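# Structural description and commentary
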Amino acid sequence: MVIAIDGPAGAGKSSVARKLAARLGFTYLDSGAMYRCVALTCLEWGADPEQSGEATSTAESIGISFEDGDVLIDGVDVSEEIRSPEVTEAASKVAVHPGVREAMVIEQRRMIATGRYVAEGRDIGTVVSPDSPLKVFLTARPEVRAERRAEETGGDPREILVAQLERDRRDTEREHGALKTADDAVEIDTSDLGLDRVVDRVAALAAKRGLV
Ligand code: DC
């Protein structure tokens, strides 16, 4: 069973999903980390992230796992490498290919079938688990999202905003697994809300639906 937390980059998904999972005693699944693993491997193997065949066979060739908050490719910890700006850019490119998405969705469904999860991403409530009993779509104003990323990475908020708008466009316009709100999702704008307020709200929804 999965509580789905979807939304664009910088809307607060990771912080909210991680904290909510800890509070409810659920397992946290960062689906974006999986696309990042595919992107990192493409860069390391010299495969072109924009080339569907190359990206798909890369995705199908690697084993991604999570262990104590770390992200592993074939048993090797890549938690830090997958957060670099180069990987962020390449992840957005590999994520448009249907073959890559299919490989990731199969793996995500296999994981969430094993227990109680809070999963964050772009397509958890729409594609990975359309029958999820609680779907939340987090949003925030683009400038606020860019500011948050700048605080995390130390980058320039204006440059981050420009790159983010381009990734938002790829996310929303791609044919498969596009970023969109599921019809039955609860939308929360986090622009002016602290992390705890958002987690409280989602936890209250989970309790109301008898999930905890
Ligand atoms: O959430 P994130 O920034 O770590 O995601 C990395 C990339 O993966 C981002 O470009 C969007 C993509 N992604 C996706 O297409 N589907 C998901 N379920 C999660 C992330």
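Residues numbered from 1 in each chain as written. Predicted model: local features only at pLDDT ≥ 70, side-chain atom pairs only at ≥ 80, totals over all residues. Heavy atoms only, no water.

Let us now look at the site of the ligand. The local shell around the ligand holds 14 residues, among which S31, R36, R101, D123 and R174 are the closest. With respect to the ligand, the side chain of D123 contributes an N or O atom lying 2.8 Å from a nitrogen atom. Contact between the ligand and R174: an oxygen atom at 2.9 Å from a side-chain N or O atom of the residue. A total of 450 Å² of accessible area belongs to the ligand in isolation, and the protein chains cover 95% of it. Broken down by secondary-structure element, the contributors of at least two residues to the shell around the ligand are α2 (31–45) and α4 (85–94). Grouping the amino acids of the shell around the ligand by side-chain chemistry returns 3 nonpolar, 4 polar and 7 charged. (Near = heavy atom within 4 Å. Polar contact = N/O pair within 3.5 Å; in protein donor to acceptor, adjacent residues only side chain to side chain. Areas by Shrake-Rupley, 256 points an atom, 1.4 Å probe, with all protein chains shown as cover. Helix = DSSP H or I, 4+ residues; strand = E, 2+ residues; numbered from the N terminus. Nonpolar A, V, L, I, M, F, W, Y, C, P; charged D, E, K, R; others polar.)

A separate point is the sheet that holds strand β6 (residues 117–121). As a general point, the strands of a sheet are linked pairwise by backbone hydrogen bonds and lie either parallel or antiparallel. Judged by pairing direction, the sheet is parallel, and its 5 strands sit side by side in the order β2-β6-β1-β7-β8 without closing on themselves. This sheet does not close on itself; its edge strands, each paired only once, are β2 (27–30) and β8 (186–189). Mean inter-strand twist for the sheet, computed between neighbouring axes without regard to direction, equals 20 degrees. For strand β1 (residues 2–6) and strand β7 (residues 134–139), the ladder comprises 4 bridges, and the chain directions are parallel. Looking at β7, one finds that D6 is bridged to F137. Along the sheet face, helix α1 (residues 13–24) touches β1, β2, β6 and β7 and points at about 180 degrees away from the line of β6. Sheet contacts for helix α5 (residues 98–112): β1, β2 and β6; angle to β2, the most-contacted strand, approximately 175 degrees. (Pairing = 2+ DSSP bridges. Axes fitted to C-alpha atoms, helices over the stretch in contact; angles between N-to-C directions. Contact = heavy atoms within 4.5 Å.)

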